[in-house]
Amino acid sequence: MPTALDPRPLTGEPLALDLLNTRWMKEGVVQDLLRDVDGLAVWLDANGLDHAADEAMLRHLRQARDALRKAVDGEDVAAVDAVLGHGRIRATLTPDGPGELPEFGDPSWAPAWLAARSYLELLSTAPDRIRGCAHESCILHFFDTSRNGTRRWCSMAACGNRAKASRHYARSKES
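I will try to describe carefully the structure that is included in this document. Bear in mind that the values here come from a model prediction, so they are computed numbers and not experimental data.

## Details of the packing of aromatic side chains
Part 1 of the reasoning: Under the definition given, this model contains 1 aromatic pair.
Part 2 of the reasoning: Each ring, one from F104 and one from W113, has its centre 5.4 Å from the other, and the planes form 75 degrees; the classification is edge-to-face.
Part 3 of the reasoning: The lysine or arginine in question, R151, covers the ring of F142, its NZ or CZ lying 4.0 Å from the ring centre.

Printed below as a string of structure tokens:
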């Protein structure tokens, strides 16, 4: 059975931020892709994660999402560390050379752990490029890959355009 279409306005971000972006605003109301197992299946499919969606995995991903939100907001990192405690990396040697293999005591933690691990990779790459959208009513996050590192909006077509239109309206109202 094919998975439903992903309704989120921003996809394709690194796994950690993509998990954060399972909550977004639409017409002033928070939407949540992870409200049920069907939404979880959409998120897993969108990220190429070959896991069967179930209630335990949904609980773990919600826990990881809350932990990542706290860490990104600078509130608490212990919750991310707790998620990371459910898996580990095993070094391997393959015909292609050295490798790493994630291992989990409980496989339902795999997507949550992978998202937390993705956050560690972002922190080690460019922590200053992990951003929240500058639009006051947007709750989405992105990894700024622009050349000069000055991206402000989750999407120029959506939030950036709304901000420009709002500034234009304010200027024309003053005239």
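## Some remarks on the packing of helix 2 (residues 37-46) against helix 3 (residues 55-72)
How two helices sit against one another is set out by the angle between their axes and by the gap between those axes.
Part 1 of the reasoning: Packing of helix 2 against helix 3 brings their axes to within 10 Å, and their N-to-C directions diverge by 70 degrees. The angle between the axes of helix 2 and helix 3 places the two elements in the roughly perpendicular class. Across the interface between the two elements, V37, L40, W43 and L44 from helix 2 touch E55, M57, L58 and L61 from helix 3.
Part 2 of the reasoning: Of the residues contributing to the contact of helix 2 with helix 3, the split by class is 7 nonpolar, no polar and 1 charged.

## What to know about helix 5 (residues 110-125)
Part 1 of the reasoning: With 16 residues, helix 5 extends 22 Å from end C-alpha to end C-alpha; this agrees with the ideal 22 Å at 1.5 Å per step.
Part 2 of the reasoning: A110, P111, A112, W113, A115, A116, S118, Y119 and L122 are the residues of helix 5 that are buried.

Thresholds applied
Residues numbered from 1 in each chain as written. Predicted model: local features only at pLDDT ≥ 70, side-chain atom pairs only at ≥ 80, totals over all residues. Heavy atoms only, no water. Phe/Tyr/Trp six-rings, centres within 6.5 Å; stacked < 30°, edge-to-face > 60°. Lys NZ or Arg CZ within 6 Å of the ring centre and 35° of its normal. Axes fitted to C-alpha atoms, helices over the stretch in contact; angles between N-to-C directions. Helix = DSSP H or I, 4+ residues; strand = E, 2+ residues; numbered from the N terminus. Parallel < 35°, antiparallel > 145°, perpendicular 65-115°, else oblique. Contact = heavy atoms within 4.5 Å. Nonpolar A, V, L, I, M, F, W, Y, C, P; charged D, E, K, R; others polar. Expected span 1.5 Å × (residues − 1). Buried < 20%, exposed > 50% of the residue type's maximum accessible area, 1.4 Å probe, protein only.

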